[in-house]
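# Close look at the chain arrangement
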Amino acid sequence: MSLQSDAVFQKIIDGLKDNEAKAKAVNGVFLYKITKDGKVAKEWTLDCKNAKAYEGPAQGIKVDTTLTVADEDMVDIALGKLNPQAAFMKGKLKIAGNIMLTQKLAPLLKTDAKL
C-alpha cells in the first residue's frame, strides 16, 4: 500500500545520508506507526543511533519511542501545517516510550519539499 507519508520518509532517508552527525546526536530509535482509517497501515523505523531509516519494524535494536500518527497528519507535521505538540495534545499523535527524545527530532524532520 502506498501512503502520502511515504514521501516524508523518503525525504528523511535522504536527509539522514546528508546529516549523519546530526542524526547520531539524537541518539534514539523511533518506530512510526502510520495509520489509515484508524488501523496501522505501515511501520517505519528511524534509527538515529546508526543514521538510517527503513520501512518495517526495528531490526535487532531496541525502540526508544513509538509514535502513532495518521498518514495525513504525518504529512501535515512534515510540511509545518500541524505543530507536533498541538497534534499530541489533540490526540492526533500518540507517543509511547521516551517522549523527551521526540523533541530532538524536530530539526531532522523539517522539510521544504512539496509532497
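Up top is the structure these notes are about.
Read on for a plain summary of the structure. (Residues numbered from 1 in each chain as written. Predicted model: local features only at pLDDT ≥ 70, side-chain atom pairs only at ≥ 80, totals over all residues. Heavy atoms only, no water.)

## Focus: the nonpolar core
For clarity, the cut-off: Definition used in this section: a nonpolar core is a set of buried Ala, Val, Leu, Ile, Met, Phe, Trp, Tyr and Cys residues joined via side-chain atoms within 4.5 Å. A simple rule labels every residue: compare its accessible area, found with a 1.4 Å probe on the protein chains alone, to the largest value its type can have, and call it buried under 20%, exposed over 50%, or partly exposed in between. Secondary structure elements follow DSSP: runs of H or I no shorter than four residues count as helices, runs of E no shorter than two count as strands, and numbering proceeds from the N terminus.
With 27 residues, the main nonpolar core has Phe 9, Ile 12, Phe 30, Tyr 32, Ile 34, Leu 46 and Met 74 as its most contacted residues. Elements with a contribution of two residues or more to this core: helix 1 (6-18), helix 2 (20-26), strand 1 (29-36), strand 2 (39-47), strand 4 (65-70) and helix 3 (71-79). Here the element with the most residues in this core is helix 1; it accounts for five residues.

## Considering the sheet that holds strand 5 (residues 93-97)
Condition: Two strands form a pair only when DSSP identifies at least two bridges running between them. Every angle, taken between N-to-C directions, lies between 0 and 180 degrees, and every axis is a line fitted to C-alpha atoms, over only the stretch in contact when it is a helix. Contacts: residue pairs with any heavy atoms within 4.5 Å of one another.
The five strands lie next to each other as 3-2-1-4-5, forming an open sheet whose pairing is mixed. Lying at the two open borders of the sheet, with one neighbouring strand each, are strand 3 (52-55) and strand 5. The sheet shows a mean angle of 20 degrees between the axes of neighbouring strands, taken without regard to direction. Along the sheet, helix 1 makes contact with strand 1, strand 2 and strand 3, crossing strand 2 at roughly 5 degrees. Running over the sheet, helix 3 touches strand 1 and strand 4 and is turned about 105 degrees from strand 4.

## A short note on the side chain of Thr 35
Counted only if it meets this: Pairs of N or O atoms within 3.5 Å make up the polar contacts considered here, provided that, within protein, one atom can donate a hydrogen while the other can accept it, and that residues adjacent in sequence are counted only when both atoms are side-chain atoms.
As for its position among the elements, Thr 35 is in strand 1. Among the polar contacts made by the side chain of Thr 35, one reaches the main-chain amide nitrogen of Ala 70 at a distance of 3.5 Å. Ignoring any residue separated from it by four or fewer positions in sequence, one finds Thr 35 in contact with Val 40, Ala 41, Thr 68, Val 69, Ala 70 and Asp 71.

## What to know about the pattern of salt bridges
Put simply, the test is: The term salt bridge refers to a pairing of a side-chain nitrogen on Lys or Arg with a carboxyl oxygen on Asp or Glu at a separation within 4 Å.
One pass over the full model with this rule turns up seven salt bridges. Here Asp 64 and Lys 62 are joined by a salt bridge, their closest N and O atoms 3.8 Å apart. Judged by relative accessible area, which is 18%, Asp 64 ranks as buried. For Lys 62, a relative accessible area of 62% gives the class exposed. Members of the salt-bridge network, linked through shared partners, are Asp 6, Lys 42 and Glu 55.

These figures come from the coordinates and say nothing about function on their own.
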